[in-house]
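Structural overview
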Amino acid sequence: ETIHEDPRNANLLVWIGAPGRGRLCPRSMAGVSPWDSSVQGGDSTWEAMRVYSGKILSLDKHLRRLFKSAKGLGFNNVHSKAEIIEAIFRTL
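Residues numbered from 1 in each chain as written. Predicted model: local features only at pLDDT ≥ 70, side-chain atom pairs only at ≥ 80, totals over all residues. Heavy atoms only, no water.

Before going further, it helps to spend a moment on the nonpolar core. Across soluble globular proteins, nonpolar side chains show a tendency to be buried alongside one another. Core analysis: the largest hydrophobic core is formed by six residues, namely I56, L59, L63, L66, I84 and I88. Among the secondary structure elements, those contributing two or more residues to this core are α2 (59–72) and α3 (81–91). A total of three residues in this core trace back to one element, the largest contributor, which is α2. When residues no more than four places from it in sequence are discounted, the contact partners of L59 are M49, I85, I88 and F89. (Core = buried A, V, L, I, M, F, W, Y, C linked by side-chain atoms within 4.5 Å. Buried < 20%, exposed > 50% of the residue type's maximum accessible area, 1.4 Å probe, protein only. Helix = DSSP H or I, 4+ residues; strand = E, 2+ residues; numbered from the N terminus. Contact = heavy atoms within 4.5 Å.)

Our next topic: a nonpolar patch on the surface. A surface patch of nonpolar side chains, amounting to about 270 Å² of accessible area, comprises V51, F89 and L92. Within the element layout of this structure, V51 appears in strand β3 (residues 51–52). (Patch = residues over 30% accessible without salt bridge, like charges linked within 9 Å, V, L, I, M, F, W, Y side chains within 5 Å. Areas by Shrake-Rupley, 256 points an atom, 1.4 Å probe, with all protein chains shown as cover. Salt bridge = Lys/Arg side-chain N within 4 Å of Asp/Glu carboxyl O.)

Looking now at the environment of R90. As for its position among the elements, R90 is in helix α3. In this structure, the C-alpha to C-alpha distance between R90 and V78, residues 12 residues apart in sequence, is 18 Å. The residues contacting R90, other than those within four sequence positions of it, are W15 and L24.

Bridging between strand β1 (residues 13–16) and strand β2 (residues 23–26) involves four bridges; their strand directions are antiparallel. Paired with I16 across the two strands is R23, which belongs to β2. If you look at the hairpin formed by β1 and β2, you'll find six residues sitting between the two strands, and G17 has a positive phi there, around 125 degrees. (Pairing = 2+ DSSP bridges.)

Here we take up the environment of G54. Its location among the elements puts G54 in the loop between β3 and β4 (55–56). In this structure G54 comes out as partly exposed when scored by relative accessible area, which is 48%. The sequence separation of G54 and N77 amounts to 23 residues, and the corresponding C-alpha distance is 29 Å.

As structure tokens, this is what we get:
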């Protein structure tokens, strides 16, 4: 099967790193360790958000759901709400 890359995604930046040590990296440098629990056990959580004129629709609801999912999966070492918000707006 042929994969067709969307040229609009060529220069995406990706937020990576452990809590307190995150950073923006070019898409080409992003990676996941084979020892990461998301690879080993398939456990992860994420939220897709819509942005209108630089404002995120229902940000607080998204973050509550994200933290609830992380808690439900038993994640202990998660980014703080402030770190996530900073990462989101630095990425935008």
